[in-house]
Amino acid sequence: MKSDLKTSRTVSLTQNNQTVEFPVYKAAHGPDVFDIRSLYKETGAFTFDPGFTSTASCESKITFIDGDEGVLLYRGYPIDQLAENSDFIETAYLLLNGELPNPEKLKWFENSITMHTMVHEQLKNFYNGFRRDAHPMAIMVGVVGALSAFYHDSTDITDPKQRLVASHRMIAKMPTIAAMAYKYSIGQTFVFPRNDLDYTSNFMRMCFAVSSEEYECNPVLCDALDKIFILHMDHEQNASTSTVRLAGSSGANPFACIAAGIASLWGPAHGGANEAALNMLEEIGTVDRIPEFIARAKDKDDPFRLMGFGHRVYKNYDPRAKVMRTACHEVLDALGIRDEPLLQVAMELERIALEDEYFVAKKLYPNIDFYSGITLRALGFPTDMFTVLFALARTVGWIAQWSEMIVDPNQKIGRPRQIYTGAPQRDYTQMETRPSE
Ligand code: CMC
């Protein structure tokens, strides 16, 4: 990656009569960035930024979020335009390569992905080692991490060709691995991929076909899932993407890095929120119970939070949530589900929260996960598969970000520092001299 960091001005810091200048970079979009790489050398001090709320960890040309305006761009294109006009394969190409493909490039990419959809026969044995009731995310972490044991020929990160093969392998195999996790959990035989189908229809078929019957995916449902995948593909330096970059910064192979990303995504504050949001809507159950849950969310002494609400970056309506809400209605209409009680609860909860002083003051809006659970359940997926679907789509973003990092001239092993507030240095004490309780 060519670095486009250009100093637009400098900012100075004065302490103990000593002034240090730092370069300031102008972003294509978004806030200026102070380059403090020389801070420790020049001043002997660190910065303190738990959760990295004010820290740009890297230069990137992939995704941009304007949290105040509710804007999300992939390579400059607004997410709603991509969800409306593009599909999984084309958007994946865009994220990985920076430009929309022409027909030849799209065909090359699609062929390369479909060539890698099968998994090694031995990989199947991994599934048999898991309990049938294992969470499919636990299976994903294990099986994806194990891929590096199967594809040695694409683990040399210094070879661009091997990096490309590893990238395409992961994007291609993720639906197969995810569908196998689902089939295993319900005790059905695995369904092989079909390369004449598009990416998402093939995934739906691997999940819902059974060997005794023909399966045809309802195009409205396949389109909706394809859109959901596009919405989830990338989201700049979120927790799981930063995990992938951090793991990759040590030179770990890409399969291991993506497995680390899956582990990070699993948490309820991140990818696990779609599962948690649906569970919450079910717990609320009926519209008349909403005020009780709103009160709990506002109560400082109650750890309960409205799942699917709030975001570290969006202080406006999450643009993905808007597309998701429409997709939710399309899916329920296509399935003839007119009075889904959870949708009634969700819409009323959203209406009340958006008018409530607490949520307004803290700029807490619905995020992508608020409507995704209802939609995914209507598509036929059990709750514990929701985060797996997120991981499947986000694999594209993780790979795009990992690939960008590998060729970044400023890339270094990620190694944050700390402010130590523990015991000062002291001498070891013998057991008999230690105080009793
Ligand atoms: N319900 C009630 N209060 C909330 C919520 C919520 N969902 N989210 C934030 N707050 C309050 C929070 O208590 C805090 O109040 P105070 O300033 O009085 O202490 C204030 O808003 C700021 O919250 P924060 O935790 O400091 O903000 P954050 O940026 O660290 O957290 C978040 C962002 C997404 C983790 C948080 O909003 C949350 O826990 N939301 C629910 C989980 C969720 O829906 N996660 C999915 C995120 S979107 C998918 C993805 O990209 O992974």
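As a reminder, the structure under discussion sits directly above these lines.
These numbers were taken from a predicted model, which means no experiment stands behind them.

Rules used throughout
Residues numbered from 1 in each chain as written. Predicted model: local features only at pLDDT ≥ 70, side-chain atom pairs only at ≥ 80, totals over all residues. Heavy atoms only, no water. 1 Å grid on protein atoms, 1.4 Å probe; cavity = no way out; pocket = protein on both sides within 12 Å on 5 of 7 lines; lining within 4 Å. Points joined across faces, edges and corners; volume = space filled by probe spheres on them. Helix = DSSP H or I, 4+ residues; strand = E, 2+ residues; numbered from the N terminus. Near = heavy atom within 4 Å. Polar contact = N/O pair within 3.5 Å; in protein donor to acceptor, adjacent residues only side chain to side chain. Nonpolar A, V, L, I, M, F, W, Y, C, P; charged D, E, K, R; others polar. Pairing = 2+ DSSP bridges. Disulfide = S-S within 2.5 Å. Buried < 20%, exposed > 50% of the residue type's maximum accessible area, 1.4 Å probe, protein only.

Caption draft 1: Layout of the layout of surface pockets. When its volume is computed, the second largest pocket comes out at roughly 360 Å³. Lining the second largest pocket are 14 residues, and of these Leu-96, Asn-97, Ala-400, Ser-403 and Glu-404 lie nearest its centre. Sorting the residues of the lining of the second largest pocket by element identifies helix H3 (88–97), helix H7 (160–185) and helix H18 (386–406) as the ones contributing at least two each.

Caption draft 2: Examining the site of the ligand more closely. Close to the ligand lie 20 residues, the nearest being His-270, Lys-300, Leu-306, Arg-312 and Lys-362. Contacts to the ligand include Ala-269, whose backbone N or O atom sits 3.3 Å from a nitrogen atom. A distance of 2.8 Å separates an oxygen atom of the ligand from a polar side-chain atom of Arg-312. Counted by class, the shell around the ligand contains eight nonpolar, six polar and six charged residues.

Caption draft 3: Expanded view of the sheet that holds strand E6 (residues 77–78). Across the sheet, which stays open at both edges, the three strands sit in the order E4-E5-E6 with antiparallel pairing between neighbours. Strand pairing shows two members of the sheet lacking a second neighbour, strand E4 (63–66) and E6, which therefore form its edges.

Caption draft 4: Spotlight on the state of the cysteines. Inspection of the entire model under this criterion finds one disulfide. Here Cys-217 pairs with Cys-222 through a disulfide, and the sulfurs are 1.8 Å apart. Across the S-S bond linking Cys-217 and Cys-222, the dihedral sits near 130 degrees, which makes this disulfide right-handed. One exposure class covers both Cys-217 and Cys-222, and it is buried. With no disulfide partner, Cys-207 has as its closest neighbouring cysteine sulfur the one in Cys-217, 10 Å distant. On the basis of relative accessible area, Cys-207 is assigned to the buried category, the value being 1%.

Caption draft 5: Structural context of empty space enclosed by the protein. On inspection of all chains with the given rule, the structure shows two cavities of 30 Å³ or more. Space inside the largest cavity adds up to approximately 90 Å³. Lining the largest cavity we find 13 residues, and of these Thr-114, Thr-117, Asp-198, Tyr-199 and Asn-202 sit closest to its centre. Residue assignment for the lining of the largest cavity shows that the elements contributing at least two residues are helix H4 (103–115), H7 and helix H8 (199–208). Per-element tally for the lining of the largest cavity: the top contributor is H4, with three residues. If you add up the space inside the second largest cavity, you get close to 40 Å³. For the second largest cavity, the full set of lining residues is Ile-228, Phe-229, His-232, Asn-274, Leu-376, Phe-386, Leu-389, Phe-390 and Ala-393.

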